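# Coordinate inspection notes
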Amino acid sequence: PFSNRFSIGADMYYPWMQRAWMNRLFPAQKYCAQALAASLEARWWLGKIHSEDNGDPRYRLRGHSIGVIATGGYYDLEYDWKGEQGEFLALGLDYMYALPLGKGGVHFEFDLGVGYAVNTYRDYDVRYEGGRLIGKGQKAVRHMAVPLRARFALVVPIYKRKDHE
């Protein structure tokens, strides 16, 4: 938080369904998913408890807020020896409610965001397990409305709060 009303945040995501683990459950090279994404957000907190003259930091990062999100990343998805690799950039709006759990700063966050994305991608084939990717033409571009977030999180602060004097 920069004040009782305004905060910024950054996230990085690297989910990856590892092929060695998947191959024990499914036929080799049939499924693969990799992604690397990062996002930056600016958030405005709503309500009287966040008024600047209140000055009480207990209310920071609590309650209702709206935000602007910018995100981008890379992905590689493969199914049944065919795949798609691409990059994306997205910009959107976000609503979050942070529900406090007691006085210590621990809280739940419920978050929904939607936006607009531009995605550059290329399709490919794989002829044999562990083989090279064989491109199927030129890069293509998609423009689309997308859900950017649908999450809930338990937040546990890792700082020591100073008492007011």
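Quick look at the structure, then. This is a predicted model, so every value here is computed, not measured.

### Description of the overall build of the protein chain
Along the protein chain, the regular secondary structure elements total one helix and eight strands. Counting from the amino terminus, the protein chain carries its helices and strands in the arrangement β-β-α-β-β-β-β-β-β. Each of the 165 residues in the protein chain was classed as buried or not, and the buried ones make up 32%. Considering only residue pairs separated by 6 or more positions, the protein chain has 66% of its internal contacts joining residues 24 or more positions apart.

### So, the pairing of strand S4 (residues 63-79)
Looking at chain direction, S4 and strand S5 (residues 82-100) are connected through 17 bridges and run antiparallel. Note that in S5 the partner of Ala70 across the bridge is Leu91. Linkage of S4 to S5, two consecutive antiparallel strands, is achieved through a turn of two residues, within which Asp80 is found at a positive phi near 55°.

### Some thoughts on a nonpolar patch on the surface
Taken together, the side chains of Leu99, Leu101, Phe110, Phe152, Leu154 and Val156 make up a nonpolar region of the molecular surface, amounting to roughly 580 Å² of accessible area. Inspection of the secondary structure puts Leu154 in strand S8 (residues 140-155). On the accessibility criterion, Leu154 (52% relative accessible area) is exposed.

### Let's talk about the packing of aromatic side chains
For any two aromatic rings, the description comes down to two numbers: the centre-to-centre distance and the angle of the planes. All chains considered together, the criterion is met by two aromatic pairs. Pairing Phe108 with Phe110 gives two aromatic rings, centres 6.2 Å apart and planes at 35°, and the pair type is tilted. Of note, Arg142 hangs over the ring of Tyr121, and the distance from its end group to the ring centre comes to 3.8 Å.

### Quick look at the side chain of Asp76
Of note, Asp76 is situated in strand S4. Only 3.2 Å separates the side chain of Asp76 from the side chain of Gln85, close enough to count as a polar contact. In this structure, Asp76 is in contact with Cys32, Ala33, Gln34, Glu84, Gln85 and Tyr124, ignoring residues within four places of it in sequence.

### Regarding the environment of Phe152
Structurally, Phe152 is set in strand S8. For the pair Phe152 and Phe108, spaced 44 residues apart in sequence, the C-alpha separation works out to 6.9 Å. Each residue touching Phe152, except ones within four places of it in the same chain, is listed here: Glu109 and Phe110.

### Considering the side chain of Ser39
Residue position: Ser39 is located in strand S3 (residues 31-45). For Ser39, the side chain forms a polar contact with the side chain of Arg149, separated by 3.4 Å. The residues touching Ser39, leaving out its near neighbours within four places in the chain, are Gly9, Ala10, Asp11, Tyr13, Ile69, Ala70, Thr71 and Arg149.

### As for the pattern of salt bridges
Applying the stated criterion across every chain yields a total of ten salt bridges. For Arg122, the salt bridge goes to Glu87, with nearest N and O atoms at 2.6 Å. One end of the pair, Arg122, is in strand S6 (residues 107-126); the other, Glu87, is in strand S5, with 35 residues separating them in the sequence. By sharing partners, the salt bridges in this structure join Asp11, Glu41, Arg43, Asp94, Asp111, Arg149 and Arg151 into a single network.

Rules used throughout
- Residues numbered from 1 in each chain as written.
- Predicted model: local features only at pLDDT ≥ 70, side-chain atom pairs only at ≥ 80, totals over all residues.
- Heavy atoms only, no water.
- Helix = DSSP H or I, 4+ residues; strand = E, 2+ residues; numbered from the N terminus.
- Buried < 20%, exposed > 50% of the residue type's maximum accessible area, 1.4 Å probe, protein only.
- Contact = heavy atoms within 4.5 Å.
- Pairing = 2+ DSSP bridges.
- Patch = residues over 30% accessible without salt bridge, like charges linked within 9 Å, V, L, I, M, F, W, Y side chains within 5 Å.
- Areas by Shrake-Rupley, 256 points an atom, 1.4 Å probe, with all protein chains shown as cover.
- Salt bridge = Lys/Arg side-chain N within 4 Å of Asp/Glu carboxyl O.
- Phe/Tyr/Trp six-rings, centres within 6.5 Å; stacked < 30°, edge-to-face > 60°.
- Lys NZ or Arg CZ within 6 Å of the ring centre and 35° of its normal.
- Polar contact = N/O pair within 3.5 Å; in protein donor to acceptor, adjacent residues only side chain to side chain.

Nothing here speaks to function; it is all geometry.
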